[in-house]
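# Report on the structure
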Amino acid sequence: LSVSSTTIIGGSCSGNTLDAVDNHYILEGDLFTTTAGVACLTILSNNTVLDCQGHLINGTGAFGGSRGIENIGGYNNITIKNCRIIQFNSGINFVNTDNSSITNNTISSSGVGISLGSSSENNAISNNTANSNSIGIQLETNSNNRVINNNANSNSNYGIALSSSHLNTLTNNTANSNSNYGIYSSSSNNNILTNNTFSSNTVNGIYLSAGSNNSFTSNTIIGLNIGVSLYMAFATSNNSFFSNTLS
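Attention here is on the structure that accompanies the text. Keep in mind that what you see is a predicted model, and the values were worked out from it rather than measured.

Of note, T97 is situated in the loop between strand 12 (90-95) and strand 13 (101-103). Aside from chain neighbours lying at most four places away, what touches T97 is N71, Y75, N76, S119, S120, E121 and N123.

Quick look at the environment of S100 now. Position of S100 among the secondary structure elements: in the loop between strand 12 and strand 13. For S100, the contacting residues outside a window of four places in its chain are N76, N77, I78, F94, N122, N123 and A124. Among the polar contacts listed, one links the side chain of S100 to the backbone nitrogen of N77, at a separation of 3.2 Å. Here the side chain of S100 touches D98 through a polar contact of 3.0 Å, landing on its backbone oxygen.

The next subject is the packing of aromatic side chains. In total, this model carries six aromatic pairs according to the counting rule given. Ring pairs connect the aromatic residues Y158, Y181, Y184 and Y207, which therefore count as one cluster.

This part is about the nonpolar core. As a rule of thumb, nonpolar side chains are buried together in soluble globular proteins. Core analysis: the largest hydrophobic core is formed by 41 residues, its most contacted members being L50, I57, I69 and I80. Mapped by element, the contributors of at least two residues to this core are strand 4 (23-27), strand 6 (39-43), strand 12, strand 15 (112-117), strand 18 (135-140), strand 20 (158-163) and strand 25 (204-209). Contacts of I80, omitting those with residues within four sequence positions, involve I43, L50, I69, I92, F94, S101, I102, T103 and N105. Core analysis: the second largest hydrophobic core is formed by six residues, V112, I135, Y181 and Y207 among them.

Read across the open sheet, the three strands follow the order 24-27-30; overall the sheet is parallel. Looking along the sheet, the strands with just one partner apiece sit at the ends: strand 24 (197-199) and strand 30 (245-246). Inspection of the sheet shows strand 27 (residues 220-222) paired to strand 30 by two bridges, in the parallel sense. Each residue of the ladder has a partner; that of I221, found in strand 30, is L246.

Before going further, it helps to examine the sheet that holds strand 1 (residues 4-8). Taken together, 11 strands build an open sheet; the order of strands is 1-4-7-10-13-16-19-21-23-26-29 and the sheet is parallel. Whereas interior strands pair on both sides, the edge strands pair on one side only; in this sheet they are strand 1 and strand 29 (240-242). If you compare each strand with its neighbour and ignore which way they point, the axes differ by 10° on average. Note that strand 23 (residues 192-194) and strand 26 (residues 215-217) share three bridges and pair parallel. The partner of L193 across the bridge, within strand 26, is F216.

Attention shifts here to the state of the cysteines. Overall, the coordinates contain two disulfides when judged by the stated rule. A sulfur-sulfur distance of 1.9 Å marks the disulfide that ties C13 to C40. Taking the torsion about the S-S bond as the criterion, the C13 to C40 disulfide, at about -135°, is left-handed. Of this pair, C13 sits in the loop between strand 2 (11-12) and strand 3 (16-18) while C40 is found in strand 6, placing the two residues 27 residues apart along the sequence. Residue classification places C13 among the buried positions, given a relative accessible area of 0%. Note that C52 is cross-linked by a disulfide to C83, the S-S spacing being 2.1 Å. Measuring the twist about the S-S bond at about 70°, one finds the C52-C83 disulfide to be right-handed. Here the residue C52 occupies a position in the loop between strand 7 (48-51) and strand 8 (56-58), and C83 occupies one in the loop between strand 10 (79-81) and strand 11 (84-86), the gap between them amounting to 31 residues. As far as the burial class goes, C52 and C83 line up, both buried.

Before going further, it helps to spend a moment on unusual backbone geometry. Its identity as a non-glycine residue notwithstanding, N47 has a phi of 55°, on the positive side. Residue placement: N47 occurs in the loop between strand 6 and strand 7. Classification of N47 as partly exposed rests on a relative accessible area of 31%. Its identity as a non-glycine residue notwithstanding, S109 has a phi of 55°, on the positive side. Mapping S109 onto the fold places it in the loop between strand 14 (106-108) and strand 15.

What counts, and where the lines are drawn
- Residues numbered from 1 in each chain as written.
- Predicted model: local features only at pLDDT ≥ 70, side-chain atom pairs only at ≥ 80, totals over all residues.
- Heavy atoms only, no water.
- Helix = DSSP H or I, 4+ residues; strand = E, 2+ residues; numbered from the N terminus.
- Contact = heavy atoms within 4.5 Å.
- Polar contact = N/O pair within 3.5 Å; in protein donor to acceptor, adjacent residues only side chain to side chain.
- Phe/Tyr/Trp six-rings, centres within 6.5 Å; stacked < 30°, edge-to-face > 60°.
- Core = buried A, V, L, I, M, F, W, Y, C linked by side-chain atoms within 4.5 Å.
- Buried < 20%, exposed > 50% of the residue type's maximum accessible area, 1.4 Å probe, protein only.
- Pairing = 2+ DSSP bridges.
- Axes fitted to C-alpha atoms, helices over the stretch in contact; angles between N-to-C directions.
- Disulfide = S-S within 2.5 Å.

Laid out in structure tokens, this is it:
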């Protein structure tokens, strides 16, 4: 496999595309946009690596559907790493994406930090920090993904949200001090949550609604402002809780 390398220079970023197959893109400077409703960087090819090298992608408050990095065209084997992203409607947005990796990124002051949507499978979201957004990490209508070693703290809504998502594994994540729930799970089945920490969330550490056959093992749920740590809402069945710590 021949892999090329392309340098992305900093500056204005509205409408930039990463469209060369088997390419390793390297960000050499900070990027910004002031345009609502667009993506700063758009993936348009398979087998793409984007390494931001710690540089900033700044939406400067241009919400209205703006995205920092998006892959919504069904492209696979994508890696996004070492990016700092602020002030977008969605920091990193993947849709219909398989066998990809989002790792070691920091997203804040956005609507959703990391969004993995519609028919995405076998992806890894790992070692990211998604603090001070509305939702830190969101999985919607997907399956068989891994969410590992992430921080999703101090978000104004949820730390981690699962909606109609199944057979995912969430391990060693921290979702603390979120304004509603540490993790919100709705209509999601057969997920495995192990060794996560949900502390000091305003409403509940874990909110489980209309989900079945989920497993919660060795999680820590502490320091809530009200006495209920686990909220079992309507239409839940066959969920298991083993060796969790509640205080």
